[in-house]
Amino acid sequence: SSGINAEYGVKIPSQALQDCSHKAYPELVFVLAFFHAVVQERRKYGKIGWNIPYDFNESDFRVCMELIKTYLDKSMEIDGKIPWSSLKYLIGEVMYGGRAIDNFDRRIINTYMDEYMGDFIFDSFQPFFFYKDKEIAYNIPKESTRDKFLEYIDGLPLANTPCVFGLHSNAEIGYFTNAAKDMCSYMIELQPQTSSSDGGISREQYIEKVASDIEEKLPVLFELDRIRKQLGEITPTAVVLLQELERFNALIFKMKMSVMTLKRALAGEVGMSAELDEVAKALFNGQIPASWRRLAPDTLKSLGNWIAHFERRYTQYIEWIEKGEPAVMWLSGLHIPESYLTALVQATCRKNGWPLDKSTLYTTVTQHVKAGDVREKLHNGCYVEGLYLEGGSWDIENSCLRKSKPKVLVEELPILKVIPIEAHRLKLQNTFRTPVYTTSERRNAMGVGLVFEADITTKEHNSHWVLQGVALMLNAD
């Protein structure tokens, strides 16, 4: 209510609704005000609302009001029909969509346009509702005056559930969880960084212990020349493996040097540099040092979980070298997972003589829940494990997307089958184009974070999943 009241009460002068002679003008301004409030309120829910939080403001709203007035006035001169496609394009693609630099955010805006704008909003047989449940119904008031609109808005609840914006009620839990996480991280940053004097373990001793534990877990560097000879024919996926090992070596070397030098600095043998001080602080707080983070894939994990992830990555690389390409690839274990998928397409194109630029990926969710369930490797493509679904859940019996379970924010997806295919042969029905991101931070303003796009089966209309913010992630936090 507060959001739409701000748009309607403050930004629409009392005489504004009489400026246009078209009878639908007041209703369309109300729809625009509701839409403006909704796109602003979505920001509260973080990444499940928008990948990038946009500053939709009063000027966007005012210009769109003028656009509606101009186009309705023109339509009165012709046949009086509302030019929906022009209005949806100008509002959704140009004015609001012009701010959205992320394709998936633009898809959300266009979905709202399709849901809120059309002749169906005036249907008397099947009344239109922005949102309706047992307790409340959001609709366009019957009497089209500014005062009646304001009276209706004042009667709406002050606090809205995420469902009003098309999100699942779990989005509220996600919002509070993230707020609590942020508070905890601030408290960790603010805790004293001095030594303990009450007889317990000192800060330096604790850091030295953590550094020793990590040092014990660090493997030896990979011998790239020997592995290159061992691989024999260098296929596109072998090139990816060698590049991955090179990056992993750089990370191992950095970690080894950091912990060795830090232990010496704590013993007073060498001076403590700014970088070592940062490493010490991170180890004390259970966080990943920035110098290590720069050489590793994006992650939101704590230090302990990240070290377990690091060890699993090493295990996958060793198995790849010794036993050949894995039947089921754990994409989260790769530094640049998209390079592996590109290599799969390249290898298939070479084998079949397809043009590379006219090939794409076909994806389908299998019945296999664990990697061990997969008996044999695919001749073309691969199986992918370790994907997490946010904004929805997976119905394994009916093999389709369904609504999230209450209080379950993220769930693991069964094994995904990924097959390179010629683009013109890909005929999809009842599927939802789902972005696959590295972490729950999704994609940032620089476009970093998107790995690929998967098509997953659905029995609901796509607009439902677009507004729910459905996405897949390679990592659970």
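Note that the structure is predicted; figures quoted are calculated from it, not measured.

### A closer look at the overall build of the protein
- Along the backbone of the protein there are 15 helices and 13 strands.
- Seen through its C-alpha atoms, the protein measures out along the principal axes to roughly 80 × 70 × 35 Å.
- Residue burial in the protein is summarised as follows: out of 477 residues, 47% are buried.
- Look at the contacts in the protein between residues 6 or more apart in sequence, and 70% of them connect residues 24 or more apart.
- Carbon together with sulfur atoms contributes 52% to the accessible area of the protein, which is approximately 23,900 Å² in total.
- Across the protein, the centroid of the 55 positively charged side chains sits 4 Å from that of the 63 negatively charged ones.

### Quick word on the sheet that holds strand β5 (residues 382-385)
- Sheet architecture is open: four strands sit in the order β3-β5-β10-β4, paired in mixed fashion. Two strands lie at the open edges of the sheet, namely β3 (328-330) and β4 (359-365), each paired on one side alone. Strand-to-strand twist across the sheet, computed as the mean angle between neighbouring axes with direction ignored, equals 35°.
- Relative to strand β10 (residues 416-422), β4 runs antiparallel, the two sharing seven bridges. Of the residues in β10, the one forming a bridge with T363 is V418.
- This element, helix α13 (residues 303-323), spans β3 and β5 of the sheet and lies at about 145° to β3.

### Regarding the side chain of S440
- Mapped onto the elements of the fold, S440 is located in the loop between β11 (431-437) and β12 (450-457).
- Excluding residues that lie within four positions of it along the chain, S440 makes contacts with K47, L300, M473 and D477.

### What to know about the sheet that holds strand β9 (residues 410-412)
- Ordered in space as β9-β6-β13-β11-β12, the five strands form an open sheet in which the pairing is mixed. For this open sheet the edge positions go to β9 and β12, each flanked by a neighbour on one side alone. Shown here is a sheet whose adjacent strand axes are inclined to one another by a mean of 30°, direction ignored.
- Bridge analysis of β11 against strand β13 (residues 471-473) gives two bridges, and the strand direction is parallel. Bridge pairing links V436 to L472 in β13.
- Packing of helix α5 (residues 103-116) onto the sheet brings it into contact with β11 and β12, and relative to β11 it is tilted by some 145°.

### Brief notes about the nonpolar core
- In terms of nonpolar packing, the biggest core is built from 118 residues, with F35, Y96, Y116, I214, L283 and W292 touching the most fellow members.
- In this structure Y96 touches L32, F35, H36, V39, F56, D60, F61, C64, I91 and I109, once residues within four positions along its chain are discounted.

### Thoughts on unusual backbone geometry
- Positive phi, normally seen in glycine, also occurs at K407, with a value near 70°.
- Secondary-structure assignment places K407 in the loop between β8 (400-402) and β9.
- For K407, a relative accessible area of 72% puts it in the exposed group.
- Of note, R442 is a non-glycine position whose phi angle comes to about 55°, a positive value.
- Along the chain, R442 falls in the loop between β11 and β12.

### Some remarks on the pattern of salt bridges
- Across all of its chains, the model carries 19 salt bridges by this definition.
- In this structure, D55 engages R43 in a salt bridge whose closest nitrogen and oxygen atoms are separated by 4.0 Å. Taken together, the positions of D55 in the loop between α2 (25-41) and α3 (58-78) and R43 in the loop between α2 and α3 put the pair 12 residues apart, joining distant regions of the chain.
- Since its relative accessible area comes to 33%, R43 is described here as partly exposed.
- In this structure, E422 engages R425 in a salt bridge whose closest nitrogen and oxygen atoms are separated by 3.4 Å.
- What makes R425 exposed here is its relative accessible area of 53%.
- Ionic contacts of the salt-bridge type, sharing partners, join the residues R433, E453 and D455 into one network.

### A word on the packing of helix α8 (residues 203-217) against helix α11 (residues 274-285)
- It is at 9 Å that the axes of α8 and α11 come closest, and there the two elements cross at 90°. Taken together, the axis directions place α8 and α11 in an arrangement best described as roughly perpendicular. Along the contact surface, α8 presents R203, Y206, I207, V210, A211 and I214, while α11 presents A280, K281, L283 and F284.

### Considerations on the layout of surface pockets
- Roughly 1,100 Å³ of internal volume is contained in the largest pocket.
- In terms of lining residues, the largest pocket is bounded by 40 residues, among which N178, K181, L300, S440 and D477 are the most central.
- Looking at the lining of the largest pocket element by element, the count peaks at 12 residues for helix α7 (residues 170-190).
- Tallied by class, residues from the lining of the largest pocket come to 13 nonpolar, 17 polar and 10 charged.
- The computed volume of the second largest pocket comes to approximately 440 Å³.
- If you trace the second largest pocket, you find 20 residues lining it, with F130, Y131, C163, G166 and H464 closest to the centre.

### Description of the pairing of β5
- By the alternation rule, side chains of β5 split into C382 and V384 and Y383 and E385, which are all buried.
- In this sheet, β5 lies alongside β3 in parallel orientation, the contact comprising three bridges. Note that in β5 the partner of W330 across the bridge is E385.
- The sheet contact formed by β5 and β10 spans three bridges and is antiparallel. Directly across from V384, in β10, lies its bridge partner L416.

How each quantity is defined
- Residues numbered from 1 in each chain as written.
- Predicted model: local features only at pLDDT ≥ 70, side-chain atom pairs only at ≥ 80, totals over all residues.
- Heavy atoms only, no water.
- Helix = DSSP H or I, 4+ residues; strand = E, 2+ residues; numbered from the N terminus.
- Buried < 20%, exposed > 50% of the residue type's maximum accessible area, 1.4 Å probe, protein only.
- Contact = heavy atoms within 4.5 Å.
- Areas by Shrake-Rupley, 256 points an atom, 1.4 Å probe, with all protein chains shown as cover.
- Lys, Arg positive; Asp, Glu negative; His and termini not counted.
- Charge placed at Lys NZ, Arg CZ, Asp CG, Glu CD.
- Pairing = 2+ DSSP bridges.
- Axes fitted to C-alpha atoms, helices over the stretch in contact; angles between N-to-C directions.
- Core = buried A, V, L, I, M, F, W, Y, C linked by side-chain atoms within 4.5 Å.
- Salt bridge = Lys/Arg side-chain N within 4 Å of Asp/Glu carboxyl O.
- Parallel < 35°, antiparallel > 145°, perpendicular 65-115°, else oblique.
- 1 Å grid on protein atoms, 1.4 Å probe; cavity = no way out; pocket = protein on both sides within 12 Å on 5 of 7 lines; lining within 4 Å.
- Points joined across faces, edges and corners; volume = space filled by probe spheres on them.
- Nonpolar A, V, L, I, M, F, W, Y, C, P; charged D, E, K, R; others polar.

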